[in-house]
Amino acid sequence: MDTRAIKRQLKIKTGALQRLLKENGLYAKEIGDLEIRREKFIADNREEWDIKNVGKLIEESKKMVQDTQTRMGRAALDLRDLVVAAKKQEALAEDEDLLKAEEVLGNANL
């Protein structure tokens with residue numbers, strides 16, 4: 001792969017991993033919010049349907065967290081492989097896109 005292609009792929013894969021990290025955080029926050037909401041519904045003696053519906057939403061959000069983590073793992077592996085390839089290119093040794101990719105990989109903690 002030439003230097004331009006590697007830089008382009010670094011930008012794309014870094015952006016994808018950043019988006020997945022954000023998405024995962026939002027789903028995790030949503031789970032917390034929904035659990036608080038369900039507890040409030042239980043405390044307020046809301047209808048059983050309302051409580052069950054919130055429970056379904058929590059389960060759906062948990063599935064999305066698992067899915068996002070799986071996709072995030074794959075994206076991190078792809079980016080890590082690309083970073084290794086980029087480090088072999090002397091022209092990219094201190095490239096801004098390479099440094100950003102390494103930073104995002106560090107944030108992913110994978």
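See the structure above.
Let me begin by describing the structure that accompanies this report. Predicted model only: the values in this text are computed from it and were never measured.

### Here's the deal with the packing of aromatic side chains
- Inspection of the entire model under this criterion finds zero aromatic pairs.
- Between the NZ or CZ atom of arginine 46 and the centre of the ring of phenylalanine 41, over which it lies, the distance is 4.2 Å.

### Some thoughts on the pattern of salt bridges
- Taken as a whole, this structure holds nine salt bridges when the rule is applied.
- Between arginine 19 and glutamate 23 there is a salt bridge, with its nearest N and O atoms 3.5 Å apart. Taken together, the positions of arginine 19 and glutamate 23, both in helix H1 (residues 3-43) and four residues apart, correspond to about one turn of that helix.
- When its relative accessible area of 45% is taken as the criterion, arginine 19 is described as partly exposed.
- The network of salt bridges with shared partners includes Arg19, Glu23, Asp67 and Arg71.

### A look at the side chain of serine 61
- Residue position: serine 61 is located in helix H2 (residues 48-87).
- Judged by its relative accessible area of 3%, serine 61 is buried.
- Sequence-distant contacts of serine 61, that is, excluding residues within four places in its chain, are made with Tyr27, Glu30, Ile31 and Leu34.

### Considerations on the packing of H2 against helix H3 (residues 96-108)
- Direction vectors running N to C along H2 and H3 enclose 145 degrees, while the axes themselves pass 10 Å from each other. Of the two elements, H2 crosses H3, and the hand of that crossing is left-handed. Mapping the contact onto sequence places Ala76, Leu79, Arg80, Val83, Ala86 and Lys87 in H2 and Leu98, Ala101, Glu102 and Leu105 in H3.
- For the contact of H2 with H3, a count of residues per class yields seven nonpolar, no polar and three charged.

Calculation notes
Residues numbered from 1 in each chain as written. Predicted model: local features only at pLDDT ≥ 70, side-chain atom pairs only at ≥ 80, totals over all residues. Heavy atoms only, no water. Phe/Tyr/Trp six-rings, centres within 6.5 Å; stacked < 30°, edge-to-face > 60°. Lys NZ or Arg CZ within 6 Å of the ring centre and 35° of its normal. Salt bridge = Lys/Arg side-chain N within 4 Å of Asp/Glu carboxyl O. Helix = DSSP H or I, 4+ residues; strand = E, 2+ residues; numbered from the N terminus. Buried < 20%, exposed > 50% of the residue type's maximum accessible area, 1.4 Å probe, protein only. Contact = heavy atoms within 4.5 Å. Axes fitted to C-alpha atoms, helices over the stretch in contact; angles between N-to-C directions. Left-handed = near helix turned anticlockwise from the far one by under 90°. Nonpolar A, V, L, I, M, F, W, Y, C, P; charged D, E, K, R; others polar.

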